[in-house]
Amino acid sequence: HKGAEFQDFFELRDVIADKKEDFARGFAENLGEYALEGPIGFSDEAMLDSVVAKAAEHDFAMREFIHALVSTPEFQSK
């Protein structure tokens, strides 16, 4: 699969900005794997949906991803 082409950081930034939801989902998955110390599975989809939705309410600010993730039962029962 060939993605969008870019020449420099600024063009890459624009490509990512055009795909905010996709980037946010990937970021949440990776953050979740790091925080939960293991792979994210099918059973974690609802948690990820919740984290991304809460972050979206605040324009996907990084602190919102972290706050939403640490507020999940999955994280708190770790």
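This brings us to the confidence of the model for the protein chain. A residue-level look at the protein chain finds 99% of positions with pLDDT of 70 or above and a mean pLDDT of 93. Across the protein chain, helix H4 (residues 62–70) holds the top mean pLDDT of 97, while helix H1 (residues 9–17) sits lowest at 91.

Volume-wise, the largest pocket comes out at about 190 Å³. Mapped by element, the contributors of at least two residues to the lining of the largest pocket are H1, helix H2 (20–36) and H4. Tallying contributions element by element places H2 first for the lining of the largest pocket, with four residues. The residue makeup of the lining of the largest pocket, split by class, is nine nonpolar, no polar and three charged.

Cut-off values and rules
- Residues numbered from 1 in each chain as written.
- Predicted model: local features only at pLDDT ≥ 70, side-chain atom pairs only at ≥ 80, totals over all residues.
- Heavy atoms only, no water.
- pLDDT = per-residue confidence, 0-100.
- Helix = DSSP H or I, 4+ residues; strand = E, 2+ residues; numbered from the N terminus.
- 1 Å grid on protein atoms, 1.4 Å probe; cavity = no way out; pocket = protein on both sides within 12 Å on 5 of 7 lines; lining within 4 Å.
- Points joined across faces, edges and corners; volume = space filled by probe spheres on them.
- Nonpolar A, V, L, I, M, F, W, Y, C, P; charged D, E, K, R; others polar.

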